[in-house]
Amino acid sequence: METGAIPLADVGAFDLQSTVESGQSYLWDRADGGMYETAAAYGGDHWYETVVPPLDGVSDERAVVRVRQTDGRLEWESTTDAVPILTHLLRLDDDLDAILDAAPDDPVIERAIEEFRGMRLVRDPPFACLVSFICSAQMRVSRIHRMQRAMADAYGDTVTMNGDEYEAFPTPAQLAATTESDLRGLSLGYRAPYVRRTAEMVADGDADPAAAATLPYEDARDYLTRFVGVGDKVSDCVLLFSLGFLEAVPLDTWIRSAIADHFPDCDRGAYAETSRAIRARLGGDYAGYTQTYLFHYLRTVGEDGE
């Protein structure tokens, strides 16, 4: 086991708890079992852990990573050097201060940033991110997280570090080898056939979510809708929380409510036209950052925070 620490003075504004417990990622777990038990997650010093598959250009091996934020630094434990992995997954290479300082001047946006400053976007592994958001329809974040953990426990490989066991998220082949009944038994409900068929498409080489990263934004969104159970909103989630399209704004319930209450002129009816309008209103190239702050703020603090 390797250990180390990343000084946050080298990173800028950062908050680990809100980054991994704000509904962006369902692939981390909290060592104390309290993942997603707090709605307005922010400022904690808990240990978080995950099993990370090989990442192109980052790491050639699967790794267990544990991390916590304490005393102005990120302490980590891992089966390998975790610095490049954490930098990638938690977007420690973003100039967050500059991104937030450039956010549009708007009272609700300013309140959201003030409440949760330091929250970063994530870069989750593409396949696991895709499956997570296929499971997200009409689900609370805590239930989405439990679904991902259930699939890892049932079908993922067990990886050992320092005598402790961790379950990796299943590979496409592992999920493709399941049955719809198996996945329904993990409480996936009507999402079960979507997950299995999507896994089969990736395992068979028919499509790869990572391939969307090479396309222009709207083409990338269209590409991801070829996966079963994936519409424009899920596509935007994968583009934003995995593939680095920081302009993506998933039009979920909370953002549609924000449009109705704060940006009504951006409602253009169809998803594509509304998406273009709200992206421009929320900052263009970094609209996805603004969206994520709004989502976490409205979902947990809400209009009562005005």
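In what follows, the structure referred to is the one given above.
Topic: the packing of aromatic side chains
All told, the structure shown has eight aromatic pairs when counted by the stated rule. Both rings, one in F133 and one in F241, keep their centres 5.7 Å apart while their planes meet at 25°; by these two values the pair is stacked. Of the two residues, F133 sits in helix α5 (residues 126-134) while F241 sits in helix α11 (residues 232-241), which places them 108 residues apart along the sequence. Among the aromatic residues, those joined into a cluster by ring pairs are Y26, Y36, F133 and F241.

Re the pairing of strand β4 (residues 63-70)
With respect to burial, β4 is a largely interior element, seven of its eight residues being buried. Note that strand β3 (residues 48-52) and β4 share five bridges and pair antiparallel. Looking at β4, one finds that V51 is bridged to V64. Of the strand pairs in this sheet, β4 and strand β5 (residues 73-78) are connected by six bridges, and their pairing is antiparallel. Paired with V67 across the strands is W76, a residue of β5. Where β4 folds back on β5, the antiparallel hairpin that results is connected by two residues, among which D71 adopts a positive phi of roughly 50°.

A few points about the state of the cysteines
Enumeration according to the criterion identifies zero disulfides in this entry. Looking at C129, it has no disulfide partner, and the nearest cysteine sulfur is the one in C237, 7.6 Å off. Residue C237 is classed as buried on the basis of its relative accessible area, which comes to 5%.

Concerning the side chain of D124
Examined against the element boundaries, D124 turns out to sit in the loop between α4 (107-116) and α5. The buried charged residue D124 lacks any salt bridge partner; its closest oppositely charged side chain belongs to R123, at an N-O distance of 10 Å. Here S25 takes part through its side chain, which lies 2.9 Å from a polar atom of the side chain of D124.

Side note on the pairing of β3
Burial runs high along β3: five of the five residues are buried. Pairing between strand β2 (residues 29-30) and β3: two bridges, direction antiparallel. Bridge assignment links D29 to a residue of β3, and that residue is E49.

Topic: the packing of α5 against α11
Remark: α5 packs on α11, axes separated minimally by 9 Å, with the N-to-C direction vectors making an angle of 145°. Pair α5 / α11 crosses with right-handed handedness. Between α5, through C129, L130, F133 and I134, and α11, the contact on the second element is made entirely by V234, C237, V238 and F241. The residue inventory of the contact of α5 with α11, partitioned by class, reads eight nonpolar, no polar and no charged.

Notes on the environment of S78
Its location among the elements puts S78 in strand β5. Considered as a pair, S78 and S136 are 58 residues apart in the sequence and their alpha carbons are 29 Å apart. Residues contacting S78, with those up to four places away along its chain left out, are M1, E2, A63, V64, V65 and M161. At 2.7 Å, the side chain of S78 forms a polar contact with the backbone oxygen of V64.

Remarks on the sheet that holds β5
Overall, antiparallel pairing links the five strands, which are arranged β1-β5-β4-β3-β2 in an open sheet. With one partner strand each, in any of the chains shown, β1 (2-7) and β2 form the two edges of the open sheet. When β1 meets β5, the two strands line up antiparallel, connected through six bridges. Opposite G4, over in β5, you have W76 as the bridge partner.

Criteria and thresholds
Residues numbered from 1 in each chain as written. Predicted model: local features only at pLDDT ≥ 70, side-chain atom pairs only at ≥ 80, totals over all residues. Heavy atoms only, no water. Phe/Tyr/Trp six-rings, centres within 6.5 Å; stacked < 30°, edge-to-face > 60°. Helix = DSSP H or I, 4+ residues; strand = E, 2+ residues; numbered from the N terminus. Buried < 20%, exposed > 50% of the residue type's maximum accessible area, 1.4 Å probe, protein only. Pairing = 2+ DSSP bridges. Disulfide = S-S within 2.5 Å. Lys, Arg positive; Asp, Glu negative; His and termini not counted. Salt bridge = Lys/Arg side-chain N within 4 Å of Asp/Glu carboxyl O. Polar contact = N/O pair within 3.5 Å; in protein donor to acceptor, adjacent residues only side chain to side chain. Axes fitted to C-alpha atoms, helices over the stretch in contact; angles between N-to-C directions. Left-handed = near helix turned anticlockwise from the far one by under 90°. Contact = heavy atoms within 4.5 Å. Nonpolar A, V, L, I, M, F, W, Y, C, P; charged D, E, K, R; others polar.

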